[in-house]
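Below, each chain spelled out in residue letters.
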Amino acid sequence: MPEFTVNTEGLPFSLPYTLDSGQAFRWRSDGNFWYGVVGKGVLKVRQDGTSLVCSSSSDVLDTQAVYRYFGLGEDLEKILASVMKDSYITSAVQTFYGLRIMRQDVWECLLSFVIATNSNIPRIKGMISNICQRYGEKVAFDGQEFFLFPSPDALSRATSADLEACGLGYRARYVKNISELVDSGYIDLEELRLHDYARAKELLTEEVLGKKTLMGIGPKVADCVLLFSCDKNSAFPIDVWMARVLATEYPTLFRGDVGSKLASKVAGQTSLSEATYEQVSSIAREYFGEYAGYAQQYLFHHARTKND
DNA sequence: TCCCAGGCTCAAC
DNA sequence: GTTGAGCATGGG
């Protein structure tokens, strides 16, 4: 069992804020250590001052992999300074200072956010845990059992009925459709990070004859994937929480037609059309700048934990 | 019990 | 192109 320490001296970082901010759904804490599955290995990690005390189940899950996974290579201080455009975001940044955007596996991230649609975080964790236990490879580590995230191959061989039994509901057919396309090589997820934001998003949400090729991936899911696993720091995912924050705290940014559609979304009366979503998202990206995705994540976490 | 959730698809204008 | 219903399910 490889044990190592990652030195984070001079790097602002909060392990709990990062792992508990709704980016990844498979981490749990026993109050001392955090346990999670990263790629092909299990990681046990504790933050101790300016270092991360780690042990892992695999040699490939080493210092370098952990460094990359937690986005420690990004200059967070500079990034946060650049997004603090007003008092509201400044307050969110100060409250959760050290929250970083992780660099997750694209496949796991994509499928996780397809499953996450129209659900809530506790249940999302349950659904993902179910498919991992049912279809993922079992790994024994630190006296416990863990499951790797299932491969496209394993999930493409599952029946929709089996997937529904994991609690996925109507999302089961999306998972099956995407797994088959990825497994067959129809789309290369690793290639996404090589394109710019706009092109990568196009590839994820492409339509043929008016039908989505990858079912269950709209603009919001695509933005989450691009931000959390494809290094697209300007991606600005807008879910109901973000719509609420934008409508309430940034009314001057959204006036006229876009503003009223955003308000309608917040009131639960309508959902954003793809065109309106792009308008709102584009305004937010222009306002917060190159690292808008970081702003988004601080605002999201801030909004969700307000009444805790 | 009812409302809501890191939305999306599909049919009907 | 835009809109609105429908969607499976479980947490709060």
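Residues numbered from 1 in each chain as written. Chains lettered and ligands numbered in written order. Predicted model: local features only at pLDDT ≥ 70, side-chain atom pairs only at ≥ 80, totals over all residues. Heavy atoms only, no water.

Caption draft 1: Examining the protein's contact with DNA strand C more closely. The immediate surroundings of DNA strand C are formed by Asn118, Asn120, Pro122, Arg123, Gly169, Tyr170, Arg171, Lys261, Thr270 and Ala275. The protein-proximal atoms of DNA strand C, defined as those within 4 Å of the protein, are 62% sugar or phosphate. Between DNA strand C and the protein, one listed contact pairs a base nitrogen with a side-chain N or O atom of asparagine 118 at 3.1 Å. One of the side-chain N or O atoms of arginine 123 is found 2.7 Å from a base oxygen in DNA strand C. Here the residues of the surface near DNA strand C sort into three nonpolar, four polar and three charged. (Near = heavy atom within 4 Å. Polar contact = N/O pair within 3.5 Å; in protein donor to acceptor, adjacent residues only side chain to side chain. Nonpolar A, V, L, I, M, F, W, Y, C, P; charged D, E, K, R; others polar.)

Caption draft 2: Representation of the layout of surface pockets within the structure. Approximately 780 Å³ is the volume found for the largest pocket. Considering the residues around the largest pocket, the lining is formed by 29 residues, among which Asn118, Lys220, Ile238, Asp239 and Val240 are closest to the centre. Those elements giving two or more residues to the lining of the largest pocket turn out to be helix H6 (121-135), helix H11 (219-229), helix H12 (240-249) and helix H15 (292-305). Of the residues forming the lining of the largest pocket, the biggest block, five residues, is contributed by H11. Classifying every residue of the lining of the largest pocket gives 16 nonpolar, nine polar and four charged. Taken together, domain 2 (106-229) and domain 3 (240-306) each give at least three residues to the lining of the largest pocket, which thus spans both. Within this model, the second largest pocket holds a volume of roughly 440 Å³. Forming the boundary of the second largest pocket are 23 residues, of which Arg68, Tyr69, Arg103, Gln104 and Asp105 lie nearest the centre. Counting only elements with at least two residues in the lining of the second largest pocket, the list comes to strand E3 (34-38), helix H2 (63-69) and helix H5 (106-115). Per-element tally for the lining of the second largest pocket: the top contributor is H2, with three residues. Of the residues in the lining of the second largest pocket, the class split is 10 nonpolar, four polar and nine charged. When residues of the lining of the second largest pocket are assigned to domains, at least three fall in each of domain 1 (3-73) and domain 2 (106-229). (1 Å grid on protein atoms, 1.4 Å probe; cavity = no way out; pocket = protein on both sides within 12 Å on 5 of 7 lines; lining within 4 Å. Points joined across faces, edges and corners; volume = space filled by probe spheres on them. Helix = DSSP H or I, 4+ residues; strand = E, 2+ residues; numbered from the N terminus. Domains from an automatic or database assignment.)

Caption draft 3: Here's a closer look at the domain arrangement of chain A. When its domains are assigned, chain A resolves into domain 1 (3-73), domain 2 (106-229) and domain 3 (240-306). On a C-alpha basis, the centroid separation for the pair domain 2 and domain 3 is 25 Å. The interface of domain 2 with domain 3 comprises nine residues on the first partner and 10 residues on the second. At the boundary of domain 2 with domain 3, total buried surface from both sides reaches about 700 Å², with 59% on carbon and sulfur atoms. Broken down residue by residue, the surface that domain 2 buries against domain 3 is led by Ile121, Pro219 and Leu227, which jointly contribute 48%. Run the count over domain 2 and domain 3 and you get one salt bridge. The residue lysine 201 makes a salt bridge to glutamate 278 at a minimum N-O spacing of 3.0 Å. In this assembly, domain 2 and domain 3 are joined by two residue pairs in polar contact (both at pLDDT 80 or more). Secondary-structure elements contributing two or more residues to the side of domain 2 that touches domain 3 are helix H10 (197-204) and H11. In terms of residues, the side of domain 2 that touches domain 3 owes the most to one element, H11, which gives five residues. (Contact = heavy atoms within 4.5 Å. Buried area = accessible area lost by both parts, 1.4 Å probe. Salt bridge = Lys/Arg side-chain N within 4 Å of Asp/Glu carboxyl O.)

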